[in-house]
Amino acid sequence: MKCLLLLLLGLLLLQQSLCFEFVIDGEWEGDAEIRDHRERNRRGLLPDEEEEDFEAIRGDDITVKSYKVESRLTSRFAHTTVKSSVVNSGSKAQSIGFSVQIPKRAFITNFTMNVNGIIFVGSVKEKTVARSLYAQARARGKAAGIIRANSQDLETFKTEVHVPPGSNIEFELHYQEMMQRKLGVYEHSLYLQPGRLVPKFQVDVHIYEQNGISSLETTTTLGEQFTDAITSISSKDKAHVVFKPTLQQQRKCNNCTTTTIDGVFTVRYDVDRESNAGELQVSDGHFVQFFAPSNLSPLHKNIVFVIDVSGSMWGVKMKQTVEAMQAILDDLTIDDHFSIIDFNHNVRCWSEDLVTGSSIQTENAKNYIQRIKPNGGTNINEALMKAVQMLVKASSQGLLDPRSVSMIILVSDGDPTVGEIKLSTIQKNVKRVMREEFSLFSLGIGFDVDYDFLDRISMENRGTAQRIFANHDAAEQLRRFYSQVSTPLLRRITVQFPDDSVSDVTQNRFDKYFSGSELVVAGKVLPSDTNTLTSFTTASAARLDITLETEADTLELDAALAKQQHAFPAFARQLWAYITVNQLISERSLAPTAAQKRKITQRIQTLALEHQFVTPLTALLVESEDATERLLADSPRSPKQGCCPGGLGSLPAGPAPVPIVYQAPPWVHFTTEAPPSQVEGKRFSSVVTLPQHVQIVDSDPHFIIHLPRSNMDVCFNIDSKPGHILNLVSDRGTGVAVNGQLVSSKKATMNKLKTFFGVISVYYQPSGLRVTVSTDDITVTDSRNNNTFTWGATAEMMQDGVRVSIVRNNRITVTVNGNIQVMVLLHRVWKKHPINVDFLGLYIPSENQYSPLVHGLIGQFSAEPEVSVYAIHDGVNLLKQEGTMEVKGNKLSVTRGWQKDYRLNKKRGSDVYCWFVHNSGKGFIDGHYSSYIVPALDSFL
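Residues numbered from 1 in each chain as written. Predicted model: local features only at pLDDT ≥ 70, side-chain atom pairs only at ≥ 80, totals over all residues. Heavy atoms only, no water.

1. A few points about the overall build of the chain
Inclusion rule: Secondary structure is summarised from DSSP: a helix means a run of H or I of at least four residues, a strand means a run of E of at least two, and numbering begins at the N terminus for each. Relative accessible area decides the class of each residue, using a 1.4 Å probe on protein chains only: under 20% of the type maximum gives buried, over 50% gives exposed, and in between gives partly exposed. All accessibility values rest on the Shrake-Rupley procedure with a 1.4 Å probe; residue burial counts only the protein chains present in the view.
Looking only at helices and strands, the chain features 13 helices and 58 strands. Taking all 941 residues of the chain together, 58% fall into the buried category. Element-wise, carbon and sulfur atoms account for 49% of the exposed surface of the chain, whose accessible area totals about 38500 Å².

2. Re the packing of aromatic side chains
As a reminder of what qualifies: Each pair of aromatic rings taken from Phe, Tyr and Trp, with Trp reduced to its six-membered ring, is defined by centres within 6.5 Å and is described as stacked if the planes are under 30 degrees apart, edge-to-face if over 60, and tilted in the remaining cases. Over a ring means this: the NZ of a Lys or the CZ of an Arg is within 6 Å of the ring centre and within 35 degrees of the ring normal.
Inspection of every chain in the model, using the stated rule, returns 25 aromatic pairs. For the pair F441 and F481, a centre-to-centre distance of 6.1 Å together with 65 degrees between the ring planes defines the contact as edge-to-face. Of this pair, F441 sits in strand 28 (residues 438-445) while F481 sits in helix 9 (residues 474-485), and the two are 40 residues apart along the sequence. By relative accessible area, F441 is classed as buried at 1%. When the centroid spacing of 4.8 Å and the interplanar angle of 10 degrees are considered together, the rings of F703 and F716 count as stacked. Highlighted residues: F703 in strand 41 (residues 702-707) and F716 in strand 42 (residues 712-717), separated in sequence by 13 residues. We note that F703, like F716, is buried. Every member of this aromatic cluster is reached through a ring pair, and the members are Y67, F201, F226, F243 and F265. One cation-aromatic arrangement involves R76 over F290; the distance from NZ or CZ to the ring centre is 3.8 Å.

3. So, the sheet that holds strand 22 (residues 286-291)
The condition is simple: At least two bridges found by DSSP between two strands are what make those strands a pair.
Strand order in the open sheet formed by four strands is 21-22-33-31, and the pairing between neighbours is antiparallel. If you trace the sheet from one side to the other, it starts and ends with strand 21 (279-283) and strand 31 (502-503), each paired once.

4. As for the packing of helix 4 (residues 316-331) against helix 5 (residues 359-370)
Formally: Axis angles are defined between N-to-C directions and span 0 to 180 degrees, where every axis is a line fitted to C-alpha atoms and, for a helix, only to the segment in contact. Each angle is binned into one of four classes, with values under 35 degrees roughly parallel, values over 145 roughly antiparallel, values of 65 to 115 roughly perpendicular, and all other values oblique. Pairs of residues are marked as contacts when any of their non-hydrogen atoms sit within 4.5 Å. In this count, Pro and Cys sit with the nonpolar residues alongside Ala, Val, Leu, Ile, Met, Phe, Trp and Tyr, while Asp, Glu, Lys and Arg are called charged and the others, Gly among them, polar.
The interhelical angle for the contact between helix 4 and helix 5, taken along N-to-C directions, is 175 degrees, at an axis separation of 10 Å. Classified by the angle their axes make, helix 4 and helix 5 are roughly antiparallel. On helix 5, the residues that touch V322, M325, Q326, L329 and D330 of helix 4 are T362, A365, K366, I369 and Q370. Tallied by class, residues from the contact of helix 4 with helix 5 come to five nonpolar, three polar and two charged.

5. Quick look at a positive patch on the surface
The condition is simple: In this scheme, patches are assembled from residues that exceed 30% relative accessible area and form no salt bridge. Like charges are connected within 9 Å, while nonpolar side chains (Val, Leu, Ile, Met, Phe, Trp, Tyr) are connected within 5 Å. Whenever a carboxyl oxygen of Asp or Glu lies within 4 Å of a side-chain nitrogen of Lys or Arg, that contact is scored as a salt bridge. Just so you know, the count uses Lys and Arg for positive and Asp and Glu for negative, and it drops His and the chain ends. Lysine's charge is taken at NZ, arginine's at CZ, aspartate's at CG and glutamate's at CD.
A cluster of basic residues, K65, K68, K83, K200 and K244, forms a positive patch on the protein surface. With respect to the helices, strands and loops of the structure, K244 is situated in the loop between strand 19 (238-243) and helix 3 (247-250).

6. A few points about the nonpolar core
We apply this condition: Here, the term nonpolar core denotes a set of buried Ala, Val, Leu, Ile, Met, Phe, Trp, Tyr and Cys residues that are joined through side-chain atoms within 4.5 Å.
Ranked by size, the top nonpolar core spans 83 residues in total, and within it L490, I812, L842, M885 and F924 carry the most contacts. Those residues within four positions of L490 in sequence are excluded, and the remaining contacts are F291, P293, L296, L299, D511, K512, Y513, A539, S540, A541 and I546. Core analysis: the second largest hydrophobic core is formed by 52 residues, I62, V64, I102 and A239 among them.

7. Topic: the pattern of salt bridges
When charged atoms on two side chains of opposite charge get close, those side chains can pair. Evaluated as defined, the whole model comprises 37 salt bridges. Between E518 and R76 there is a salt bridge, with its nearest N and O atoms 3.2 Å apart. A residue pair is termed long-range when its members are at least 10 positions apart, and E518 in the loop between strand 32 (509-514) and strand 33 (519-525) and R76 in the loop between strand 6 (62-74) and strand 7 (77-88) qualify at 442 residues. Of the two residues examined, E518 and R76, each falls in the buried class. The partner of R573 in a salt bridge is E610, with the nearest N and O atoms 3.6 Å apart.

8. A look at the packing of helix 7 (residues 423-433) against helix 8 (residues 451-459)
Definition in use: Handedness of each helix crossing follows the sense of rotation of the near helix against the far helix: counterclockwise by less than a right angle gives left-handed, clockwise gives right-handed.
For the pair helix 7 and helix 8, the least separation of the axes is 10 Å and the interaxial angle reads 20 degrees. One element, helix 7, and the other, helix 8, form an angle in the roughly parallel class. Of the two elements, helix 7 crosses helix 8, and the hand of that crossing is right-handed. Within the contact between the two elements, helix 7 uses L423, I426, Q427 and V430 and helix 8 uses F453, R456 and I457. Across the contact of helix 7 with helix 8, the residue classes break down as five nonpolar, one polar and one charged.

9. Quick word on the confidence of the model for the chain
Operational definition: Every residue carries a pLDDT, the predictor's confidence in it, which falls somewhere between 0 and 100.
Averaged over all residues, the pLDDT of the chain is 84; the fraction at 70 or higher stands at 85%. Taken together, the stretch residues 139-151 has pLDDT below 50 and engages in 68 contacts with residues farther than four places along the chain or on a different chain.

10. Some thoughts on unusual backbone geometry
One non-glycine residue, R492, adopts positive backbone phi at about 50 degrees. Structurally, R492 can be placed in strand 30 (residues 488-496). Despite not being glycine, A871 has its phi angle at roughly 55 degrees, a positive value. Mapped onto the fold, A871 is located in strand 54 (residues 867-874).

11. A closer look at helix 8
Heads up, the rule is: Whenever a nitrogen or oxygen atom comes within 3.5 Å of another N or O atom, the pair is scored as a polar contact, on the condition that within protein one atom can donate a hydrogen and the other can accept it, and that pairs from neighbouring residues in sequence are kept only if both atoms are in side chains.
Of all nine residues that make up helix 8, eight are buried, and the element is covered over most of its length. For helix 8, the full list of buried residues reads Y451, D452, F453, L454, R456, I457, S458 and M459. The inward-facing, buried residues of helix 8 contact helix 6 (380-396), strand 27 (405-412), helix 7, strand 28, strand 29 (465-468) and helix 11 (571-589). Two or three places before D452, at the opening of helix 8, D450 has a side-chain oxygen 3.2 Å from that residue's backbone nitrogen.

Shown next as structure tokens:
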């Protein structure tokens, strides 16, 4: 898009015999679709070091009375206000400039000025309307405003006002942005450049996160002398960071009149996450689902690195690319596959086939890269075609794990000059050959590259593009980008909601999820009779299919926000609009027809006007109260930045938004804790089907063995030691072992230390899969993978014939091949209880289908022994009868009593009457209980 320089114009305003003038500098978005070839060449001459110097306050004899920045971060959405109060303290009229650098991904929402009591208020309008209104003023000699691209991550809002001596001017700028999680943290950066010493200088950052703040730190590029000027106060869900340097601290030297504050102040934080199911929040009629699971095994990677080695890469660019590749190749594991393609006017392959990421192969690849000598032209089309062909070949030959992630990473510093050079044709060629399971990530080095093209071609193929600035830290920029995509945890993620509960949902299907990032889905909540909204997230992990359920009270968060003085209560509404507008901007750039592009344009304009966002399709009209004096803040398409400032640029990026899919997969298990809801017109049943007869181990630990033929329940305790692992089921025929590890109470009662099951393991030997349940979490492991889930969410996993179903803070059911089931019940106690600890109960259906080889403390009773009880009489305790039991050739004295089944009521339980066998079940179980102590949680007898 051709960019024209906006002419500097003057505005003459007469008010109370005072004369002042507005001048705003910037660039317009041109209307031509073909960029001039000379502009393409000029991009190579504009490294960021040579850009126009940024000057926050321009003019002589200017006093900045105050400079205040306030950011309110609520649920990862930031509303930032920059206020500056300036006085022309000189003896003559002069121009005073006000400039603020803001993140490119942010949307300006308002700008106001108060010039000697004349107030100018901003409002966002559709761009053509705003330009028309401005043109009316311009025709009379008025001035204009602009937002223009500047440096790596910033845009500059710049305005000037020409005022007589003694004038007071107050500037106030507002902008909003969604915090994006990268490498495990959210980073909120403020670019502080007041331009003068400021008596009243203060920065306030308020953070409110409903589920809690897990980490908080501040960094600054301003210098160590400001450490004492930073204070942080935080509680579980709130934080307040203040930066308030004194006038003396701001001086460059003791007697200097210039300020040393010119840099970045950054707040980094992360939030508490109760579970891998994500965090669902509802406020102001909108919902936001944050999804950032952890403790999952990484998926294997298949990567083709496509590196530009044309002549323009000679020198520092190539040196830093080689340096970055050294570190990147070291990150590969033996389970990953990779190859390298380097291209100029020719295309060469380090290896024609993908190879494993062994140390030998990676060392060979490093040596190959170090020997590259850049020269020649740029044949991007052939290089990408070869990369796709390499992945297709490996996939067709069955060399790639079907659950692995395949990607192409393109590193280039220029536009195509050899072979196919038409960008639209290259884009079509790549789209035609790329498979749905492949992704393309593009890194554009420097300015001599069409970033808009890289962005489109990556976005269209399930990836993202990022500009790498060719300066001293380009290698670190490359490594940091790779770190963001180097650990894929999930594929094919879909976030779904019950029918008729939500509308206007943003992108809810994602191709990949990378560790340390976050997926965000937002939408509107429809009126309902219930105050609960439920979401279901499905995904594929390493050898594991997952469904996660989470829910939110639709009234709770609004009530909490009403009590927070510094929260941003409109966060959900604005965050939904922010995501939607950015996704529409991306969709617009890929629109195949002019009609579709116009339709998307109208949607963007409507949303931007409603939510007051300055986008590439809207402008901020700043006008006096009587609407006679106007300024225009416009958002250009800059050749140095690419299309559409304010784009998300998040990882991972999926295809264009798709219509929401409400139907849950057939293996979703709905539990008693799930509220009644409608999906595809069917109401989920809240009734849990419980086996009629179960073998129970609960409390400290009490065993209850049901004998169906005798219609009798027999109980016994096991008095073993903490740390011992007891085998409950050992069946080498089916390959199933169930073991439990004992934990003790905090202290003894009546000289006895009680024991409980603190860990229960279900091991399935044929696939090497083990489900380990503790009172803290649930871990699903096999020979290579380790995936951990908390009790904080309802979830379901499927792997190798084993289904794991978790009911939030209640129970977990493990089903092996559909015919062996184990249910573990979670018992929580008061954390400060002086004696009791959290423990687990075990419930195994009598109908489980074991092999004839089954044994164990419970498994042995799958072959029911002959049992008879006679000589029943009143015992010493009149409430308990006594008798003699004959079993396995033994005569045992038994007592009639009761134990508890806690499946339906964990607090009180249901009474189960049984004959109690003393001495740890001696005579009723085979041998002595010590024979059932095993060395490990996956041991068989």
